[in-house]
Amino acid sequence: MADQEIVMKINKKRKKDVVGWTPNSEAGEYYKDLKGGKKRRAGRVLKELHALHKQYGKMHLTKVGKKVGDKTCTDRWYFIHHLVAQLYYLGFRVEKVNNIKQKHCIALCRYWESLYQAANISNNKTYLRTVLHWVGKAEMLDQIPMDVLFEDPKCIYRPLKTTTDKSFTANYRSELLPLLGDIKKDIASFKYDESFTLCDVPDLLDHFEGRASIKKQYEYEKERRSIIMLKLIYWFGLRTAEAAFFSPKNDIHIDAEKGGSYIVVRKQGAKGGRSRRVYLHKSEQVEFLQELKTRMYCKDRIMHKDVKKTDSFIRSFNRYCEHIGLSKENKLNPHSIRHMYAQGVYADYSGRTAPIKKLSSLKKGSKVDKFAKRFVAEQLGHNRPSVAGAYIG
């Protein structure tokens, strides 16, 4: 199929609100409505992909004997469903995984380009390469020039440095948080105006916990676990899943003499299955951890021990965040608190504000700047110091 025909087919079916394999997905709905021979052929392909995932889903793509994290394995599982749905939605009738050819790869990449941002396009391309590797066609995708795969080859590249401040403090507006209400009466020290700073966040989270305590016991327990996760993100820059798997009983190590004080981030929730240490550099962090140890309901793990599926717990956490106003629409999602943590660590170790604040007089590329960025990246769980630029500029 010629490139022009592929683009025409994609443009004809293009919709900005299509998101992979969800009830609101046009590709997903099309796949579910398949009947007769098409449904049987698609079912055979999906069954074959299930078998391949069962055999190779946990295996690293290039490093023999190494296993990937649980999240990567789960993402691969979702992707193979996306793959079949999108192939059939684009008009292809693939009967075997081994029948995937370059024209299919081009159509998929152009389709993703019309829907997703750089991060999702890059991830999908990686998962497609993984599936091709499972069937012995690992090099097929790399043999296609980038200007053929995509209309704009630059759409897959993410900038190493952010140009906008995505932190909580930069995007905070009092009217965006609907549950503040009479916060002046509840917390006298809280600043209910636009002069919101890093130090005010703990008071804000304490306020939400106070509001949760007046609800029924079951609802209160769910909400206070979510609030503890937000506090862990604030104090230590954890990802959502890392906070869910955090164990106050086993992961807190406070000893100034032997290796310093730190918490352990477990590999179950960590990106790529890599555990790490997050070192404490403030007395307030120690005070928070000591208080957290006294909470018996979450001493073994923040996520309730009866939860069988991590995704359902994370979705519950996200719903609560949206309920109190921490949403992507408000630019105040939990990840914005992680950005705030990164900027705070950089300021503490470099003695200057983060470059994105445009107030820093620290010379970029200096020894202090490089050390601070490397430390920020390590604390956040990234291997490359350059990734720090996505948080601090």
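Here, the structure is the one placed above.
Here the structure is a predicted model, which is why all the values come from computation and not from measurement. Every chain begins its residue count from 1, and numbering advances along the sequence as written. Owing to the predicted nature of the model, reporting of local features is limited to residues with pLDDT of at least 70; listing and counting of side-chain atom pairs is limited to 80 or more, with chain, interface and lining totals taken over all residues. Hydrogen atoms and water are omitted, and side-chain values are computed over all heavy atoms in the structure.

A. How the structure looks around the overall build of the protein. Each helix and strand counted, the protein has 17 helices and 3 strands in total. A simple rule labels every residue: compare its accessible area, found with a 1.4 Å probe on the protein chains alone, to the largest value its type can have, and call it buried under 20%, exposed over 50%, or partly exposed in between. Burial status across the protein gives 46% buried among its 393 residues. In the form shown here, the protein has an accessible surface area of approximately 21,000 Å², with 51% of it arising from carbon and sulfur atoms. Secondary structure elements follow DSSP: runs of H or I no shorter than four residues count as helices, runs of E no shorter than two count as strands, and numbering proceeds from the N terminus. The Shrake-Rupley method, run with a 1.4 Å probe sphere, supplies the accessible areas, and residue values consider only the shown protein chains as cover.

B. Looking closely at the sheet that holds strand S1 (residues 252-253). Read from one edge to the other, the open sheet built from 3 strands follows the order S1-S2-S3, with strand pairing classed as antiparallel. In this open sheet, the two strands that pair with only one neighbour each are S1 and strand S3 (276-279). Judged from the 4 bridges that link them, strand S2 (residues 262-265) and S3 form a sheet pairing that is antiparallel. Each bridged residue has a counterpart across the sheet, and for Val264 the counterpart in S3 is Arg277. For two strands to be treated as a pair, DSSP must find no fewer than two bridges joining them.

C. Fine view of helix H5 (residues 102-115). An ideal rise of 1.5 Å per residue puts 20 Å on 14 residues; H5 measures up with 20 Å between its terminal C-alpha atoms. With 12 of its 14 residues buried, H5 lies for the most part within the structure. Expected span of a helix: the number of residues minus one, times 1.5 Å.

D. Inspection of a positive patch on the surface at higher detail. Only residues whose relative accessible area exceeds 30% and that form no salt bridge are eligible for patches; like-charged ones are grouped when within 9 Å, while nonpolar side chains (Val, Leu, Ile, Met, Phe, Trp, Tyr) are grouped when within 5 Å. By definition here, a salt bridge exists when the distance from a side-chain nitrogen of Lys or Arg to a carboxyl oxygen of Asp or Glu is within 4 Å. Positive charges come from Lys and Arg alone, negative charges from Asp and Glu alone, with His and the N- and C-terminal ends not counted. A charged residue contributes its charge at one atom only: NZ of Lys, CZ of Arg, CG of Asp or CD of Glu. On the surface, Lys63, Lys66, Arg158, Lys271, Arg274 and Arg384 cluster together into a positively charged patch. The residue Arg384 is located in the loop between helix H16 (367-380) and helix H17 (389-392) in this model.

E. Up close: helix H14 (residues 310-323). For H14, which comprises 14 residues, the first-to-last C-alpha distance of 20 Å matches the rise-based estimate of 20 Å (1.5 Å per residue) to within 8%. Those residues of H14 that sit buried are Phe313, Ile314, Ser316, Phe317, Tyr320 and Cys321. Along the axis of H14, the buried residues cluster in a sector spanning 155 degrees; they form a single face. Projecting away from the buried face of H14 at angles above 90 degrees are the exposed residues Arg319 and Glu322. Where H14 terminates, the next one or two residues include Gly325, which has phi positive at roughly 105 degrees. The directions considered for the arc are those from the helix axis to the C-beta atoms.

F. Spatial organisation of the pairing of S2. Where S1 lies against S2, 2 bridges are found, and the strand directions are antiparallel. Bridge pairing in S2 links His253 to Tyr262.

G. The arrangement of the packing of aromatic side chains in detail. Two rings belonging to Phe, Tyr or Trp (six-membered ring only in the last case) form a pair when the distance between their centres is within 6.5 Å. Interplanar angles under 30 degrees mark stacking, angles over 60 mark edge-to-face geometry, and anything in between is tilted. Under the defined criterion, the tally for this structure stands at 11 aromatic pairs. Aromatic side chains Phe236 and Phe288 sit 6.3 Å apart centroid to centroid with 40 degrees between the ring planes, which places their arrangement in the tilted category. One end of the pair, Phe236, is in helix H11 (residues 217-236); the other, Phe288, is in helix H13 (residues 283-293), with 52 residues separating them in the sequence. No difference in accessibility class separates Phe236 from Phe288, as the two residues are buried.

H. Looking closely at the packing of helix H15 (residues 334-350) against H16. Closest axis-to-axis distance for the H15/H16 pair is 9 Å, and the angle between their directions is 145 degrees. H15 and H16 meet at a crossing whose hand is right-handed. Listed contacts from H16 to Arg338, Tyr341, Ala342, Val345, Tyr346, Tyr349 and Ser350 of H15 are Val368, Asp369, Phe371, Ala372, Lys373, Phe375, Val376, Gln379 and Leu380. In this count, Pro and Cys sit with the nonpolar residues alongside Ala, Val, Leu, Ile, Met, Phe, Trp and Tyr, while Asp, Glu, Lys and Arg are called charged and the others, Gly among them, polar. Tallied by class, the residues present in the contact of H15 with H16 amount to 11 nonpolar, 2 polar and 3 charged. Between N-to-C directions, angles span 0 to 180 degrees; the directions come from axes that are lines fitted to C-alpha atoms, helices contributing only their stretch in contact. In this scheme, a crossing is called left-handed if the near helix is turned counterclockwise away from the far one by less than a right angle; it is called right-handed if the turn is clockwise. Any two residues whose heavy atoms approach within 4.5 Å are treated as being in contact.

I. Seen up close, the packing of H5 against helix H6 (residues 118-134). Direction vectors running N to C along H5 and H6 enclose 160 degrees, while the axes themselves pass 10 Å from each other. Classified by the angle between their axes, H5 and H6 sit roughly antiparallel to one another. As H5 runs across H6, the sense of the crossing is right-handed. Counting all contacts with H5, which are made through Cys105, Leu108, Trp112 and Glu113, the residues of H6 involved are Ile121, Asn124, Lys125, Leu128 and Leu132. Here the word oblique covers every angle except those under 35 degrees (roughly parallel), over 145 (roughly antiparallel) and from 65 to 115 (roughly perpendicular).

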